[in-house]
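Observations on the model geometry
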Amino acid sequence: MIQSEDYIYSKSAVARMLNVAQSAVTRLEKWPLNRPFDCSIIFVIVKGKRPRFWKKFDFLFHFADWRRSQSKELVVDRLMPNVFAVINEKKKSKYIATIRPDSITCNCEDYKNQVKFLAKAGVCKHGYAVLKNLGISKLSEYIKGNIYQQTLDNYKKQNAFKLTVMRTDAYSFAVQGSSTIHYCDLHPNIIKCSCTKYDTKKPNSEQFCTHGYAVLNYLGFTGNQQIKDYCLGFDWIVDD
Ligand SMILES: [Zn+2]
Ligand SMILES: [Zn+2]
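Below is a summary of the structure that appears in this document. Numbering of residues starts from 1 in every chain and runs along the sequence as written. Chain A is the first chain written and ligand 1 is the first ligand written, with later ones labelled in order. For a predicted model such as this one, the threshold for reporting local features is a pLDDT of at least 70, and the threshold for listing and counting side-chain atom pairs is 80 or more; totals across whole chains, interfaces and linings nevertheless cover every residue. Computation of side-chain values: all heavy atoms of the structure, hydrogens and water removed.

Describing the sheet that holds strand β1 (residues 25-32)
Put simply, the test is: For two strands to count as paired, DSSP must find a minimum of two bridges between them. Numbering goes from the N terminus for both helices and strands, where a helix is a DSSP run of H or I of at least four residues and a strand is a run of E of at least two. For helices, the axis comes from a line fit to the C-alpha atoms of the stretch in contact; other axes are also lines fit to C-alpha atoms, and the angle between any two N-to-C directions lies between 0 and 180 degrees. The contact definition used throughout considers only heavy atoms, calling two residues in contact when any of these lie within 4.5 Å.
Read from one edge of the open sheet, three strands run β1-β2-β3, paired in antiparallel fashion. Because the sheet does not close on itself, it has two edges, and the strands there are β1 and β3 (52-54). Between one strand axis and the next, the sheet turns by 30 degrees as a mean value, whatever way the strands run. Here helix α1 (residues 11-18) sits on the sheet and contacts β1, β2 (40-46) and β3; the angle it forms with β1, its principal contact strand, is near 115 degrees.

Structure follows, in structure tokens:
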């Protein structure tokens, strides 16, 4: 039976780390240690080499580093604000990676296995390609920096400039993209839009859609603090 940790502490990982064939790795055992923190080390025998112990850390480092290096040849194409196609042009393969606040999920086999076998799934090579596309190298940086929200906000802001805004009355706007038209209404803390279902538990700033940003631009709120400026200026906008 495959144990969860075998996905990290595997013969194939040793083979990759030593650049030898997997068949040359004849033995891999987890040895318990009587120490309070590091609960085990890995005993490895490779044909033609002296038997040795490996630290768990070596495997964990390799697990991420190998995927990160494999991600270099991949091409990333953003399909939706949070969805990316990750393409290997040589292999003609394509996987779909989705960013979430605390993970980068993917429909590839490796990611599915990580979910299945690891207590906490890491990142597959496609996920690393997406992180790199966002200017980040580690999942921990991505989570700590709240990059998810920043990424979505930036995407909406950039796309908002491509839309056409028409004011229909003091509070209402029609916002036109290439093929669709959406309707936005001004409210004191938010610009509501026909494209979004509103969740009263979420902060309003997270619920600004691209159309809302287009209306902000139309009203002249274009700086970094544009939502805050809008909330402060709401009373005089509708007086106009
Ligand atoms: Zn993947
Ligand atoms: Zn919208």
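Picking up after the structure, the text goes on.
With respect to the environment of I237
The condition is simple: Relative accessibility decides the category of a residue: with a 1.4 Å probe and only protein chains considered, values under 20% of the type maximum give buried, values over 50% give exposed, and everything between is partly exposed.
Mapped onto the elements of the fold, I237 is located in helix α8 (residues 226-239). Residue I237 is classed as buried on the basis of its relative accessible area of 3%. Taking the C-alpha atoms as reference points, I237 and L219, 18 residues apart in sequence, are found 7.9 Å from one another. Each residue touching I237, except ones within four places of it in the same chain, is listed here: R167, L186, L219, F221 and Y230.

Section: the coordination of the zinc ion (ligand 1)
Quick reminder of the rule: Because no water is among the atoms considered, metal sites can look incomplete, with donors defined as N, O and S atoms within 2.8 Å of the metal, or 3.2 Å for Na, K and Ca. Just to be clear on the cut-offs, tetrahedral is four donors with all angles between 85 and 135 degrees, square planar is four donors and octahedral six with opposite donors over 155 degrees apart and all others between 65 and 115, and anything else goes down as irregular.
Taken together, the protein ligands of the zinc ion (ligand 1) are C106 (SG), C108 (SG), C124 (SG) and H126 (ND1), with distances of 2.1 to 2.3 Å. Around the zinc ion (ligand 1), the four donor atoms sit at angles spanning 107 to 112 degrees, and that spread fits a shape best called tetrahedral. All donors of the zinc ion (ligand 1) belong to a single chain; written as a sequence motif, their spacing is C-x1-C-x15-C-x1-H. Under the relative-accessibility criterion, C124 is labelled buried at 0%.

Brief notes about the pattern of salt bridges
Put simply, the rule is: A pairing counts as a salt bridge when a side-chain nitrogen of Lys or Arg comes within 4 Å of a carboxyl oxygen of Asp or Glu.
Under the definition given, this model contains three salt bridges. A salt bridge links E29 to R27; the shortest N-O distance between them is 2.6 Å. By relative accessible area, E29 is classed as partly exposed at 25%. By relative accessible area, R27 is classed as partly exposed at 42%. When the shortest N-O distance is used, the salt bridge between R67 and D110 registers 2.8 Å. Within this pair, whereas R67 is found in helix α2 (residues 56-70), its partner D110 is found in helix α3 (residues 109-117), the two being separated by 43 residues in sequence.

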